[in-house]
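If you want the building blocks of each chain, they are given just below.
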Amino acid sequence: MITTRWFCAGLLAAIVSSAGSPAIAATPAAEDGKKLFDGLCVACHGSEGAGGEAPSLNRFTLDRAPDDDALRSLIVSGIQNRMPAMRHLSNDQLRQLADYVRSLGRTPSAPPGGDPRHGSELYARLGCATCHIVAGQGGSLGPVLTEIGALRGAEYLREAIVDPGAALPRGTLSVPGRDLFQFLPVRVVTRDGREVRGIRINEDSLTIQLRDTSGQFYSFRKAELRQLEKDTGKSPMPSYKDRTTPGELADLVAYLWTLKGSR
Amino acid sequence: MIARCCKAVLASAAVIALGYADTSAQIPYQRLLHADTDPSNWLTYSGGYQSQRFSALNQITRQNVGQLKTTWVYQLRQPGLFEASPIVADGIMYITEPPSTVTALDVRTGRPLWTWSPQIPRDVITISAPSPVNRGVAVLDDMVFVGTVVGHLTALDAKSGAVRWDVVVEDNKHAYFLTLAPLALDGKIIVGVSGAEAGIRGFIDAYDSKSGRRLWRTHTVPSPGEPGSDTWGKESWKTGGGSTWLTGSFDPDLNLLYWGTGNPGPDLNGDDRPGDNLYTCSLLALSPADGKVKWHFQFTPHDTHDWDANQIPVLFDATVDGRTRKLVGTANRNGFYYVLDRSTGEFVTGTAYAKQNWTEGLDAKGRPRVRPGTDPTVDGLLTYPGLSGAANWHSPTYSPQTKLFYQAVKEMGTYFFKGEAKYEVGRVFDGGGFRQVGGDSASGAIRALDATTGKPKWDFPLLSPPWTSLLSTAGGLVFGGTEEGNFLALDADTGKLLWDIQLGGAVRAGNPISFAVDGKQYVTTTAGTALFVFGLP
């Protein structure tokens, strides 16, 4: 039996995926590495490692894989609760995949179009800092954005602004092997009629923990609630699709993309 | 009070009352045979040969279970998955720790008495296991038996942990490894193997308990000319899988051993193995004397979804159509609950106990009426149950009091991808890939089924698809856990939550058991990297 419970699309899936990248896939080995990457890794790490739900890989230094040995080991072993182990790769395939990932960091990634300075002004004007922290400044209701440009690609950032509910981060709740949504809007009504709206901080089969917009923390036993509603597919953050012009949206993405933290 | 007892219990209780454990630890076969009359101890993986994981102890009840407190906690020596089901024998608890360590604990305090670890090479092959694990030991006479991830079966002196004998079951270089708790019979130790994801050819072995000499081997995939060999194509039988990675059951009256078999190899691509692929995904009834297969029942012919049938076969007797019958019940990974006549293998009934979309149901003989086009595809096909199955290796429980079969059920689908399958020794041979539909789209339940009909009686919903084993007790309780770390007690009649505690780590599978010492009943579970023991104040 296969007991691994993570995404582990097989090699054929890798082979049938064939988006080209002439700048990187210059040699047959590199092309093989890219095919493997597109089949196994692209769904989370984004095209050419630009970042998606999982961190970008087009950086010279990878936090968890400082050298080639560490990278190969990481691919084989995975990261508990976050990244599947790729134990089925042959040694050649492992080398090809690791070489390709390394090549991503040697190729300067082009910044997305847009004016980051204007994007920064928009960030302030639109009140993003009410809910997000950048470099220690801002509110803490939403995800910290200090190094969001290093962790996520431009495409993901754009989607998160236009349709936040579709791009809820997943996978870091303290539930082993579970990629539950973070920042999921929840509404509860207690038996005495008290209503609380907030985002899910954590949950188990018997209890749920919330935080409301003021930052107040709540913990409930589900058996003590009259109602528990989870707004799956929604986000506490409104869509900014109709609040920004296409140009402004591009500027905002360009600004977020510059946020690399200390990396 | 304790429901039943026997002289052995009284004798051991007297010893333990003096404040020390009886390290002579003599567990003759007769005690294993009558484990159900010795509820102060927990002598086999599932508590007895019937594998009901039921405790006749009734000191902890619906009324007082809310008072349970932690008595002691044991932490793993090194990180890993804690998947052992403890054995308790005369004041000593025997557990295994990953990867294949055996530890004896003072059952009154949790303090270690001895520990033994085999040498494990860094390149040990444990393909398909999330990490090297072990699910427990068997005890017989004055020895403790453990299968190891390096493919050995080792007998240890129960007093000291010293090695009595050690044999190679099969070469780990060819991806054979052992994670199951052996089953001890009269002078025999029965084991199975893991490794079907690497194209092994599965088998069940019997070893002489005194010498370690192999007595017989029964392959689960026939070679050319043997019965069932026509259900394989070309040379596919050589890498046909059918691993035997979980402990079976035994009926001493029928003198039959019941053992489940795993998936065919390669898992997700059946192109090169046309036919039913006997005896994969089956339940085998074997003669313990020579290993001959007396009957078989295949749940999932020509499986392409990794739906092993290694789930614990639970033996019970019940009246069917006015006739008392010897039955075996099992909640299969493929989403159906089956009841078979354990004398003959005759199909009695089968019913879906979880969401499934791969069949139109079962025919009169229990064979699935498979919907066309449900095999894995290159682009991926969403199928229920998912790869992990509606059930998996975690144990169900059967209560002879309620006549209910309790199962932790996963409600989760998987996109199955078909891929190439090229056999290389010691490497993954699964023929595809998968993507689980997890997150907030998946859930689970502890589900009570009428054991004879499979009809659902009650449900206790769980947030995450569970990996918890269950324990039922004569106190009218069912114990189990959650992936999020809850350990809980339910009313066995109604499913009502009566007690719970958050343990801070997944109950996977927890393998709850119950035992008594100093006249007090205790309940155990593992969670995360620790073993917890609970008792009344």
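In this text, all values refer to a predicted model and were calculated from it rather than measured experimentally.

Overview of the overall build of chain A
No. 1: Broken down by element type, chain A carries nine helices and seven strands.
No. 2: Every one of the 263 residues in chain A was classed for burial, and the buried ones make up 39%.

Some points on helix α6 (residues 116–125) of chain A
All names here are of chain A.
No. 1: All of the buried residues along α6 are Pro-116, Gly-119 and Tyr-123. Down the axis of α6, the smallest arc covering the buried residues is 50°, so these residues share one side. Away from the buried face of α6 by more than 90 degrees, exposed residues Arg-117, Ala-124 and Arg-125 are located.
No. 2: One or two steps after α6, the chain reaches Gly-127, where phi turns positive at roughly 80°.

Describing the packing of helix α8 (residues 154–162) of chain A against helix α9 (residues 246–258) of chain A
All names here are of chain A.
No. 1: For the pair α8 and α9, the least separation of the axes is 9 Å and the interaxial angle reads 125°. Considering their axes alone, α8 and α9 lie oblique with respect to each other. Judged by the sense of rotation from one axis to the other, the crossing of α8 with α9 is right-handed. Listed contacts from α9 to Ala-154, Leu-157, Arg-158 and Ile-161 of α8 are Leu-249, Leu-252, Val-253, Leu-256 and Trp-257.
No. 2: Split by residue class, the contact of α8 with α9 holds eight nonpolar, no polar and one charged.

Brief notes about the sheet that holds strand β12 (residues 188–192) of chain B
All names here are of chain B.
No. 1: Ordered in space as β11-β12-β13-β14, the four strands form an open sheet in which the pairing is antiparallel. Each end of this open sheet is capped by a strand with a single partner; those strands are β11 (183–184) and β14 (214–219).
No. 2: Bridging between β12 and strand β13 (residues 203–208) involves five bridges; their strand directions are antiparallel. If you follow Ile-190 over to β13, its bridge partner there is Ala-206.

Remarks on the environment of Thr-148 of chain B
Residues and elements named next belong to chain B.
No. 1: Within the secondary structure, Thr-148 sits in the loop between β8 (143–147) and β9 (152–157).
No. 2: Assessed through the 26 C-beta atoms surrounding it within 10 Å, Thr-148 is described here as buried.
No. 3: Thr-148 sits 29 residues away from Gln-119 along the chain, and the two C-alpha atoms are 9.7 Å apart.
No. 4: Here Thr-148 is in contact with Ser-100, Pro-118, Thr-154 and Leu-178, once residues within four sequence places are set aside.

Remarks on the nonpolar core
No. 1: With 148 residues, the main nonpolar core has Tyr-94, Val-137, Val-139, Val-144 and Phe-145 of chain B as its most contacted residues.
No. 2: When near neighbours in sequence (up to four residues on either side) are disregarded, Phe-145 of chain B contacts Val-137, Ala-138, Leu-140, Leu-153, Ala-155, Pro-182, Ala-184 and Ile-189 of chain B.
No. 3: Residues Cys-128, Ile-148, Leu-252 and Leu-256 of chain A belong to the second largest nonpolar core, which totals 19 residues.

Quick notes on unusual backbone geometry
All names here are of chain B.
No. 1: Between Gly-265 and Pro-266 the backbone carries a cis peptide bond, its omega angle lying at -5°.
No. 2: Tracing the chain through its elements places Pro-266 in the loop between β16 (256–260) and β17 (282–286).
No. 3: In this model, Tyr-384 is joined to Pro-385 through a cis peptide bond whose omega is -5°.
No. 4: Here Pro-385 is to be found in the loop between β25 (381–383) and β26 (397–399).
No. 5: Backbone geometry places Asp-141, a non-glycine residue, at a positive phi of 55°.
No. 6: Its place among the elements puts Asp-141 in the loop between β7 (138–140) and β8.
No. 7: On the basis of neighbour counts, which here come to 16 C-beta atoms within 10 Å, the residue Asp-141 falls in the partly exposed class.
No. 8: Positive phi values are uncommon outside glycine, yet Asn-277 reaches one of about 60°.

Brief notes about the environment of Pro-86 of chain B
Residue and element names in this part refer to chain B.
No. 1: Mapped onto the elements of the fold, Pro-86 is located in the loop between β2 (69–75) and β3 (87–89).
No. 2: Note: C-alpha distance between Pro-86 and Tyr-337 (251 residues apart in sequence) is 27 Å.
No. 3: Residues within four places of Pro-86 in sequence aside, it is in contact with Trp-42, Met-93, Tyr-94, Ile-95, Ile-513 and Thr-524.

What counts as what
- Residues numbered from 1 in each chain as written.
- Chains lettered and ligands numbered in written order.
- Predicted model: local features only at pLDDT ≥ 70, side-chain atom pairs only at ≥ 80, totals over all residues.
- Helix = DSSP H or I, 4+ residues; strand = E, 2+ residues; numbered from the N terminus.
- Buried ≥ 20, exposed ≤ 12 C-beta atoms within 10 Å, placed from the backbone.
- Arc of directions from axis to C-beta.
- Axes fitted to C-alpha atoms, helices over the stretch in contact; angles between N-to-C directions.
- Parallel < 35°, antiparallel > 145°, perpendicular 65-115°, else oblique.
- Left-handed = near helix turned anticlockwise from the far one by under 90°.
- Contact = placed C-beta atoms within 7 Å.
- Nonpolar A, V, L, I, M, F, W, Y, C, P; charged D, E, K, R; others polar.
- Pairing = 2+ DSSP bridges.
- Core = buried A, V, L, I, M, F, W, Y, C linked by C-beta atoms within 7 Å.

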